[in-house]
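Descriptive analysis of the structure
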Amino acid sequence: MNRRFLAMTGAAAVITSLAACGGGDGGGSDTEGILEGASITVGSKDFDEQLILGHISRLALENAGADVTDEINTGGTDVARAALTSGNIDTYWEYNGTAWISFFQEEDPIPDRIEQYEVVRDRDLEENQLHWLEPAQFNNTYALAYQADAAEDLGSPESLSDLADIIANDPDLATLCVESEFSARNDGLPGMEEAYGYEFPAGNVTELDTAIVYSATADRNPCNFGEVFTSDGRVSALDLVVLEDDLGFFPLYNPSPVFTDEVYSEYGEQLDEIFNPIAEALTQEAMTELNERVSVDLEQPQDVAEDWMSENGFI
Amino acid sequence: MTDAPVVASGTGPLKVERASDRGSVLSWVGMPIFLAVVFTGTYLWVQSQELGGVEQRVLTRAQLTSRTIQHLELTAVSTLIVILIAIPLGVLLTRPFARSLVPVVLAVANIGQGIPSLGLLAIIFVAFGQLGFTPVVLGLVAYSTLPILRNTMVGLQQVDPSLIKASRGMGMSSLAILLRVELPLAVPVMIAGIRTALIINVGTATLATFFGAGGLGYIVYNGITLNRTTVLITGVVLVSGLALVVDYLAGVVGRLLAPRGL
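Residues numbered from 1 in each chain as written. Chains lettered and ligands numbered in written order. Predicted model: local features only at pLDDT ≥ 70, side-chain atom pairs only at ≥ 80, totals over all residues.

1. Comments concerning the interface of chain B and chain A
The partner chain A presents 21 residues to the 21 residues of chain B that form the contact. Looking at the side of chain B that touches chain A, the elements with two or more residues in it are α2 (53–58), α5 (117–128) and α9 (217–225) of chain B. At 5 residues, α9(B) tops the list of elements feeding residues into the side of chain B that touches chain A. In terms of residue class, the side of chain B that touches chain A is made up of 11 nonpolar, 9 polar and 1 charged. (Contact = placed C-beta atoms within 7 Å. Helix = DSSP H or I, 4+ residues; strand = E, 2+ residues; numbered from the N terminus. Nonpolar A, V, L, I, M, F, W, Y, C, P; charged D, E, K, R; others polar.)

Structure representation (structure tokens):
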């Protein structure tokens, strides 16, 4: 909690310097200047990964010569989405799973990640004239994890299937902390329990705020197991062991930069050219590392984003 | 707030029940009828909706019942604790010997209510390292002490001094004056404070779901994050309906306790 608050306030307090990138001799990328004259407002949701992604978008667009307005840290999912559909911001990164379950109110995910992306992309374009660019390599999906020190007590489970034993033989150890939405979604706990053929004992599941799930799992109080996001930096920082989803139940949700029609219809080609290589380079390892630097080492998201962009030759 | 006897400024008891209200039929049945209409209307509306997996999971009878009970337990326990703390404290602070403590105690109570409720609960969680029922009740207590404390003090201070003098002239002891003159006359204002605290607690208890204590916030929050309007509206109707029910019941108690002849 503390760490999260610190990181957030730090992020909110920073005033972005609008880098005017004029001199073309800096050894930057080949997308430099292709958005000269464009005016684009960048937003993001309000947690660490989103702040980093927002700054990556901002840096990429600035590098291409666009006049960027920084609305990063716009708000929660619904606020960011409303800002995009109303045109208050022109782009932010959205996870196709969120669009599928929350915006389109679907119940069951599509198992194939490419197909899932394509369906969301086509539907959002048709219904809302919003443009989903190529998805990033990394996925941010659900997993269950436990504290490494608890391994001995719990019998060192390695996969979600191993939980069946614990639930059957030692139900008191099978305590689980989740966000409330995880306990209500088809692609969350109910579906997982159905797929694996067990159920956590009634009263053993505690609903908590997302940030608290991590610390509650790390402290083993009140839960031995916690629901985490795979790309979250706190997983490794708190020494959590992620259980393998051996039946492949949890769908893989990838984020894409989503643009309004107003901007995309004019600069679509350039935007694809700028963002496709970035999405390609944002692998699971890369994103986890970036998240860890912000969530755990308390570095500023814009610094972390800038380092990564220049290391990869995007700016 | 520096002049010790003047504590009333800005408190404004919301609604003070008087014995003379007892007769009005509409004031007795108006609220129950209104609530029945709202609850029935919501129930019928939900029934008429096409419900997906999320709705069917969150809006089951068992789920709604257990969440409402959790919510009521949080509200009842925290309000009871506040009453037990704030009324004796309010009585103490209005005795002449405790005057100098008034600004200090009120400042602490003000801080309790001044901190945003989510922040207060987070601070308690960090400080105690505990989750669940107890820390959330602690938070609710800290958050709702002020209205009952203030109204107890204001209620006692507004008792006509000539009545107290007369009682003393009749040979009553200080304790007898407190129990038989001051407190009965202060009851309407004190009940108004308790009603305020109850409503604060019903509302704030929706945050309990973030700290492992359940309650109706679970339904409201799922409605928001998963963008399920049926779930959201059901949760909101239940929370606000519960606040009105609790307030109504406290009002009834207040009327029954209000001294006759006022």
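2. Some details on the sheet that holds strand β6 (residues 176–179) of chain A
Hydrogen bonds along the backbone pair up the strands of a sheet, which may run parallel or antiparallel. All names here are of chain A. The 5 strands are arranged β7-β6-β8-β5-β9 in an open sheet whose pairing can be described as mixed. Either end of the sheet is taken by a strand with one partner, and the two such strands are β7 (205–208) and β9 (240–242). Direction aside, the axes of adjacent strands within the sheet are offset by 40° on average. (Pairing = 2+ DSSP bridges. Axes fitted to C-alpha atoms, helices over the stretch in contact; angles between N-to-C directions.)

3. Re the UniProt feature "domain: ABC-type glycine betaine transport system substrate-binding" (unreviewed entry) in chain A
Those places that UniProt annotates as "domain: ABC-type glycine betaine transport system substrate-binding" (unreviewed entry) correspond, in this numbering, to residues 39–311 of chain A. Along residues 39–311 of chain A one finds 46% helix and 19% strand; the C-alpha atoms at either end are 26 Å apart. (UniProt positions renumbered as here; feature names shortened; annotations may be inferred.)

4. Some words on the UniProt feature "transmembrane region" (unreviewed entry) in chain B
Residue and element names in this part refer to chain B. What UniProt calls "transmembrane region" (unreviewed entry) maps, in this numbering, to residues 25–46, 74–94, 101–125, 131–149, 170–191, 197–219 and 231–258. Helix makes up 100% of residues 25–46 and strand 0%, whereas the separation of the span's terminal C-alpha atoms amounts to 32 Å. Within residues 101–125, the helical portion is 88% and the strand portion 0%, while the C-alpha atoms at the span's ends are 29 Å from each other.

5. Some thoughts on the packing of helix α2 (residues 48–63) of chain A against helix α13 (residues 301–311) of chain A
Residue and element names in this part refer to chain A. Taken N-terminus to C-terminus, the directions of α2 and α13 make an angle of 55°; their axes are 8 Å apart at the nearest point. Accordingly, the angle class assigned to the pair α2 and α13 is oblique. For the crossing formed where α2 meets α13, the hand is right-handed. Here α2 contributes Asp48, Leu51, Ile52, His55, Ile56 and Leu59 to the contact with α13, which in turn contributes Pro301, Gln302, Val304, Ala305, Glu306 and Met309. When the residues that make up the contact of α2 with α13 are grouped by side-chain class, the tally is 8 nonpolar, 2 polar and 2 charged. (Parallel < 35°, antiparallel > 145°, perpendicular 65-115°, else oblique. Left-handed = near helix turned anticlockwise from the far one by under 90°.)

6. Focus: the domain arrangement of chain A
Residues and elements named next belong to chain A. The domains assigned to chain A are domain 1 (12–139 + 253–311) and domain 2 (142–242). With 15 residues of domain 1 at the contact, the number on the domain 2 side is 10 residues. Looking at the side of domain 1 that touches domain 2, the element that brings in the most residues is helix α12 (residues 284–295), giving 7 residues. Tallied by class, the residues present in the side of domain 1 that touches domain 2 amount to 6 nonpolar, 5 polar and 4 charged. (Domains from an automatic or database assignment.)

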